[in-house]
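Residues per chain are reported as follows:
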Amino acid sequence: MIKYIIVDDEYIAHDIIKGYCDLLPNMELQKNCYDAIEALEYLNQHTVDLIFLDLNMPKLKGFEFLKTLSSPPKVIVTTAYKEFALEGYELNISDYLLKPFSFERFLKAINKVVGTKPTTKSTLVNEVDNAVKSIFLRSNKKYVQVSINDILYAEAAGNYTKVITISDTITIREKISDLLEVLPKENFLQVHKSFAIAVKHIQSIEGNRIFIQEHIVPIGKMYKANVNELLK
Amino acid sequence: MVFVIDDLEFEATLFSFATIILIVIIGTRWIIREMKLVNELKNEKAKTELQHLKSQVNPHFFFNMLNNLYGLIEVDSKKAQGLVLKLSDMMRYSIYDGQNEFVSIQEEVEYLKNYIELHQMRYRKKIQITFDVNVQNETCKVTPLLFIILLENAFKHGVENLRENAFVKIDMSVKKREVRFSVENNFDATQEETKPGIGLKNLKRRLELSYPEKHYLSLFKNEDIYVSELIISLV
């Protein structure tokens, strides 16, 4: 469950974000805050996983507010101001959404948050971390939560990408390069113009083919070097 | 003593005299032409500067409005339609009419009203806004988009920074000889002061160019109240 609050002085902005979150499983709105003071008061008593933060608000501006938090949760900035993105990333925000933003763009931001959850200090223990990592994939009108561990490989199919998991095949309307962006780099490897695989699911490599469970994935000429790296 | 002027000498004097006159005439003409040219250039420069200074609607305001629209479409499409009309009126005015040298005072008033209405629907907090207009001179024409700068400031430094009890009081009176426009708003006095922005600087320069010696701008701050007043003489 991802507990979130919305901090924005315009109420319609709240409706949009809440509407988007309601389309996803596991998102739980804790409070609507109409300025940063309200948010501070709430966060003094409660903890949340995620804040949707507008920048231009009464009294305390978004970034000033963020600086006052000693251990800030994940933050997705939502604003009409293009010019503060850089400052935002310096403050370690997860994503920066320019109003108005589409659901697809919003989903990307959410995936950046859940893809890196939880924020324990022991990021060295990758394996443990991965056990809880998951992303939302949009298939038709549905949003499916997929554990990153379960993904075997992805295959490009025109404008779509097929994501093959242990139990399922999900077709999403996204380019394979976009998908790879939200997946952890160290675990996935592009082996062909149209194929990217989860390294740990490889069973064997033979010539220009990779065997993953009952699937066979080709290795592209250009990507052969990538695969050879693994065998060193 | 007989004073004789030698014919030759006389001719020479006459000739040099004529030459001097000729040079003076040519010289004066040349100077007048140069001065005209300089003047024209000056005017041209002032015009381009004015064009440059003419404010477009604040882009953040537009994007926030678009976001509100985006959200409203699903919830209340009728209201969203109304918003689109207002927003396009404002854009049209600021993009096209805003380039004219003069606009009718009614158009200006309409623009200010739209701006106020759109702002009122943005926030959940209550804002008290009054706009009193008294037009006695219907044919009055003014330079476009001057007043909006003062109104924008009232929202930017007042309404947007207050958590509650924000008010903006606007008065406009249009008479035969002058236009008076004043905005009064409260602001958060505990917040650190911001430097006078580019908006006011531009407004001052534009007034100098469009209404030299014919305008009066006063900006007045008292505890948590800010009052700005602009008077333009039409004669």
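Visitor: Please give an account of the interface of chain A and chain B that cites residues and values.
Guide: Across the contact, 24 residues belong to chain A and 22 residues belong to chain B. Roughly 2100 Å² is buried in total at the junction of chain A and chain B, and carbon and sulfur atoms are behind 49% of that figure. For the chain A face of the interface with chain B, the top three residues by lost area are Glu10(A), Ile12(A) and Lys59(A), together amounting to 28%. Summed over the shared surface of chain A and chain B, the result is two salt bridges.

Visitor: Which residues make up helix α3 (residues 77–95) of chain B, and what values go with them?
Guide: Residue and element names in this part refer to chain B. In a regular helix each residue adds 1.5 Å, so 19 residues correspond to 27 Å; α3 covers 26 Å between its end C-alpha atoms and thus fits that length. Those residues of α3 that sit buried are Ala80, Leu83, Leu87, Met90, Tyr93 and Ser94. Looking straight down α3, one finds its buried side chains confined to an arc of 155°; they lie on one side. Exposed residues pointing more than 90 degrees away from the buried face of α3 are listed as Lys78 and Leu85. Summarising the contacts, the buried residues of α3 are in contact with α2 (59–75), β1 (103–104) and α4 (105–120).

Visitor: Can you tell me about the nonpolar core, naming the residues and giving the values?
Guide: Core analysis: the biggest nonpolar cluster contains 74 residues, and Phe52(A), Phe106(A), Ile110(A) and Phe147(B) have the highest contact counts within it. With sequence-adjacent residues up to four places away left out, Phe147(B) is seen in contact with Ile105(B), Glu108(B), Leu112(B), Val142(B), Met172(B), Val179(B), Phe181(B), Leu230(B) and Ile232(B).

Visitor: Describe the packing of aromatic side chains, listing the residues and the values that go with them.
Guide: Inspection of the entire model under this criterion finds 15 aromatic pairs over all chains. Between Phe52(A) and Phe106(A), the ring centres sit 5.6 Å apart and the planes meet at 20°, which makes this aromatic pair stacked. Highlighted residues: Phe52(A) in strand β3 (residues 50–53) and Phe106(A) in helix α5 (residues 103–114), separated in sequence by 54 residues. We note that Phe52(A), like Phe106(A), is buried. Judged by centre distance (6.3 Å) and plane angle (10°), the ring pair of Phe101(A) and Phe106(A) falls under stacked. Taking relative accessible area as the criterion, Phe101(A) reaches 6% and is therefore assigned buried. On the accessibility criterion, Phe106(A) (0% relative accessible area) is buried. Here the aromatic cluster, defined as three or more aromatic residues joined through ring pairs, consists of Tyr4(A), Tyr20(A), Phe52(A), Phe101(A), Phe103(A), Phe106(A) and Tyr143(A). Here Arg124(B) stacks its cationic end above the ring of Tyr34(A), 3.7 Å away from the centre of that ring.

Visitor: Can you explain the sheet that holds strand β6 (residues 215–222) of chain B? Please cite residues and give values.
Guide: Strands pair in a sheet through their backbones, by hydrogen bonds, and they do so in one of two ways: parallel or antiparallel. Residue and element names in this part refer to chain B. Read from one edge of the open sheet, five strands run β2-β4-β5-β7-β6, paired in mixed fashion. Two strands in the sheet have a free side with no partner beyond their single neighbour: β2 (127–135) and β6. Adjacent strand axes in the sheet meet at a mean angle of 5°, parallel and antiparallel pairs treated alike. Relative to strand β4 (residues 166–174), β2 runs parallel, the two sharing nine bridges. From the neighbouring strand, Val135 faces β4, where its bridge partner is Val174. Across the sheet, α4 is in contact with β2, β4 and β5 (178–186); its angle to β2 comes to roughly 170°.

Visitor: Just give me the short version of the confidence of the model for chain A, but keep the residues and values in it.
Guide: Averaged over every residue, the pLDDT of chain A is 86; the share at 70 or more is 93%. For the stretch residues 119–131 of chain A, pLDDT sits under 50, and the model shows nine contacts to residues farther than four places along the chain or on other chains.

Visitor: Can you break down the environment of Val144(A) residue by residue, with the values?
Guide: All names here are of chain A. Take Val144: it is sitting in strand β7 (residues 142–147). Placed 26 residues apart in sequence, Val144 and Ile170 show a C-alpha to C-alpha distance of 8.5 Å. In this structure, Val144 is in contact with Ile135, Phe136, Leu137 and Ile170, ignoring residues within four places of it in sequence.

Visitor: Describe the sheet that holds strand β13 (residues 204–206) of chain A, listing the residues and the values that go with them.
Guide: Residues and elements named next belong to chain A. Spatially, β13-β14-β15 is the arrangement adopted by the three strands of the open sheet, whose pairing is antiparallel. Two strands bound the open sheet, and with one partner strand each, they are β13 and β15 (215–218). On average, each strand axis in the sheet is inclined to that of its neighbour by 25°, with strand direction left out of account. Across four bridges, strand β14 (residues 209–212) lies against β15 in antiparallel orientation. Counted as the bridge partner of Ile210 is Val217 from β15.

Scoring rules and cut-offs
Residues numbered from 1 in each chain as written. Chains lettered and ligands numbered in written order. Predicted model: local features only at pLDDT ≥ 70, side-chain atom pairs only at ≥ 80, totals over all residues. Heavy atoms only, no water. Contact = heavy atoms within 4.5 Å. Buried area = accessible area lost by both parts, 1.4 Å probe. Salt bridge = Lys/Arg side-chain N within 4 Å of Asp/Glu carboxyl O. Helix = DSSP H or I, 4+ residues; strand = E, 2+ residues; numbered from the N terminus. Expected span 1.5 Å × (residues − 1). Buried < 20%, exposed > 50% of the residue type's maximum accessible area, 1.4 Å probe, protein only. Arc of directions from axis to C-beta. Core = buried A, V, L, I, M, F, W, Y, C linked by side-chain atoms within 4.5 Å. Phe/Tyr/Trp six-rings, centres within 6.5 Å; stacked < 30°, edge-to-face > 60°. Lys NZ or Arg CZ within 6 Å of the ring centre and 35° of its normal. Pairing = 2+ DSSP bridges. Axes fitted to C-alpha atoms, helices over the stretch in contact; angles between N-to-C directions. pLDDT = per-residue confidence, 0-100.

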